[in-house]
Amino acid sequence: MNIVFFGSSHFAAPSLEALIREKYNVTLVVTQPDKKSGRGMHPSHTVIKSVAQGSSIGIYQPENINSKEAASVLKKQNADLFVVIAYGQILTQAVLDIPKIFAINLHASLLPEYRGAAPINRAIINGVKTTGITVIKMNRKMDAGEVFLKKETEISQTDTVIDLESRLSEMAAQALIEALRLIKDKNYKLVPQDDKEASFAPKLHKSDGEIHWEEPAETIYNSFRGTLNWPGSFTYYRGKLLRVCKLSVYPQELEKEKLSAGTVTHIFKDSIVVACGKGALLIEELQLEGKRKMPVQEFLSGHKISLGEVLGKK
RNA sequence: CGCGGGGUGGAGCAGUCCGGUAGCUCGUCAGGCUCAUAACCUGAAGGUCAUGCGUUCAAAUCGCAUCCCCGCAA
């Protein structure tokens, strides 16, 4: 069975590694082009490219996967199946029609919930308790194809998007191998999604990371867990951007009368407590604009933060 | 050549504009004190001020170059 693998983010890496380990015949790996990015705009390439290079599989990095040139490259592969995971470009029906069997996609949610670019982040931000991996047969509409198989996992109260993503990416690899066996044995059913149940998980923006102190502590904490990889949770301290790196809900009630949200209410040796719209949060690690990430204990050595100071003002 | 911030005893910072004895909060070590605290008091050790070159009577501070760290933007 000839397989063409489409993937870009590191979420896809365990799946590609699994295919290689199980000795599937991956004839080509398609990934996003090298881009100049990061500080100094140095060129960088995707993790998937590194994995493919390690196994001397052919690599293809088209700017536009739906172009005529790309189509002719893909047709030459004589592929039975396309496997698409976190690739980063939308495939048109013309491309999806190339493989002899069909194209499958692995998506990090229980479809039809959380269709779209950021399902893992959004599930945590919304405080959802269960998520998973769904394997679908792709069609023209994004993440709307018939369901092949699903795998569930619980989201714990303290899971961050980084924990959950690495767990789901391993699950995706297992799900992919399972799916391939079913396809090989022609032993599968395709179940259409109920579009009425569909919800969407749009891409995150920088602004999704800004802490709104007037919200309840739980909400801010969920948002923190769900955006930890990017953009992270941040606020402002004396006009400078302050990134919060380690955060938890402060378990005690604030006994005083209502303090305005964002006020520093306690300063301990290695942490500070900040009042929210409801409840309070404990910050243990942070990073000031231009500085390294550091424990609050060290931060307090150099910054004379005082009780009653209000965070969040630009 | 994308834009910007930074490198000062072990940690975090001030001092740099306007050149003139190396400072703060911690930590470490020694001694003291308290029923007790993130305790407290007294004392000590620990710095080629990222690196190199230059300007100057004199450079952490001014100029040029190099290395490294971080934020933004993608």
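Above this note sits the structure.
Keep in mind that this is a model prediction, so the values were computed, not measured.

Here we look at the pattern of salt bridges
- Tallying each qualifying case throughout the model produces eight salt bridges.
- In this structure, the salt-bridge partner of Arg-181 is Glu-22, at a minimum N-O distance of 3.9 Å. Here Arg-181 is found in helix 6 (residues 161–184), whereas its partner Glu-22 is found in the loop between helix 1 (13–21) and strand 2 (25–30), with 159 residues between them in sequence.
- A relative accessible area of 45% means that Arg-181 is categorised as partly exposed.
- The partly exposed category is assigned to Glu-22, whose relative accessible area is 38%.
- Note that Lys-141 and Asp-195 form a salt bridge whose closest N and O atoms lie 3.8 Å from each other. Residue Lys-141 is found in the loop between strand 8 (130–137) and strand 9 (147–154), and its partner Asp-195 is found in the loop between helix 6 and helix 7 (217–227); the two are separated by 54 residues along the sequence.
- The exposure class of Lys-141 is partly exposed, given its relative accessible area of 49%.
- The partly exposed category is assigned to Asp-195, whose relative accessible area is 45%.
- In this structure, a network of salt bridges that share partners links the residues Arg-115, Lys-141 and Asp-195.

Some thoughts on the protein's contact with RNA strand B
- Among the 20 residues in the neighbourhood of RNA strand B, the closest are listed as Arg-39, Met-41, Arg-243, Arg-292 and Glu-298.
- Near-protein atoms of RNA strand B (within 4 Å) split between backbone and bases, with sugar and phosphate holding 56%.
- Contact distances for RNA strand B include 2.8 Å between a phosphate oxygen and a side-chain N or O atom of Lys-206.
- Among the residues making up the surface near RNA strand B, the classes are represented as five nonpolar, seven polar and eight charged.

Things to note about the sheet that holds strand 8
- Read from one edge to the other, the open sheet built from seven strands follows the order 5-2-1-6-7-8-9, with strand pairing classed as mixed. The open sheet terminates on both sides in strands that have one partner only, identified here as strand 5 (58–60) and strand 9. Going from strand to strand, the sheet's axes swing by 20 degrees on average, the running direction of each strand aside.
- Bridging between strand 1 (residues 2–7) and strand 2 involves five bridges; their strand directions are parallel. Note that in strand 2 the partner of Phe-6 across the bridge is Val-30.
- Of the strands in this sheet, strand 1, strand 2 and strand 6 (81–85) touch helix 1, which is tilted by about 160 degrees from strand 1.
- Across the sheet, helix 6 is in contact with strand 1, strand 6, strand 7 (102–107), strand 8 and strand 9; its angle to strand 9 comes to roughly 150 degrees.

Points about the packing of aromatic side chains
- Tallied over the entire structure, the rule returns eight aromatic pairs.
- Between Phe-6 and Tyr-87, the ring centres sit 5.5 Å apart and the planes meet at 85 degrees, which makes this aromatic pair edge-to-face. Of this pair, Phe-6 sits in strand 1 while Tyr-87 sits in the loop between strand 6 and helix 4 (93–96), and the two are 81 residues apart along the sequence. The residues Phe-6 and Tyr-87 share a single accessibility class, namely buried.

Side note on unusual backbone geometry
- Residue Pro-112 is reached from Leu-111 by a cis peptide bond, and omega for that bond is 10 degrees.
- The amide bond that connects Trp-230 to the next residue, Pro-231, takes the cis arrangement and shows omega of 0 degrees.
- Secondary-structure assignment places Pro-231 in the loop between helix 7 and strand 10 (233–237).
- In the Ramachandran plot, Asn-78 falls in the positive-phi region, its phi being about 55 degrees despite a non-glycine side chain.
- Mapped onto the fold, Asn-78 is located in the loop between helix 3 (68–76) and strand 6.
- For Asn-78, a relative accessible area of 43% corresponds to the partly exposed category.

Points about the layout of surface pockets
- There is about 1400 Å³ of room inside the largest pocket.
- Ser-9, Ala-86, Tyr-87, Gly-88 and Ala-117 are the residues nearest the centre of the largest pocket, which is lined by 44 residues in total.
- Put simply, the parts of the chain that give the lining of the largest pocket at least two residues each are strand 3 (35–37), strand 7, helix 5 (119–125) and strand 8.
- Its residues assigned to classes, the lining of the largest pocket comprises 19 nonpolar, 17 polar and eight charged.

About the thresholds
Residues numbered from 1 in each chain as written. Chains lettered and ligands numbered in written order. Predicted model: local features only at pLDDT ≥ 70, side-chain atom pairs only at ≥ 80, totals over all residues. Heavy atoms only, no water. Salt bridge = Lys/Arg side-chain N within 4 Å of Asp/Glu carboxyl O. Helix = DSSP H or I, 4+ residues; strand = E, 2+ residues; numbered from the N terminus. Buried < 20%, exposed > 50% of the residue type's maximum accessible area, 1.4 Å probe, protein only. Near = heavy atom within 4 Å. Polar contact = N/O pair within 3.5 Å; in protein donor to acceptor, adjacent residues only side chain to side chain. Nonpolar A, V, L, I, M, F, W, Y, C, P; charged D, E, K, R; others polar. Pairing = 2+ DSSP bridges. Axes fitted to C-alpha atoms, helices over the stretch in contact; angles between N-to-C directions. Contact = heavy atoms within 4.5 Å. Phe/Tyr/Trp six-rings, centres within 6.5 Å; stacked < 30°, edge-to-face > 60°. 1 Å grid on protein atoms, 1.4 Å probe; cavity = no way out; pocket = protein on both sides within 12 Å on 5 of 7 lines; lining within 4 Å. Points joined across faces, edges and corners; volume = space filled by probe spheres on them.

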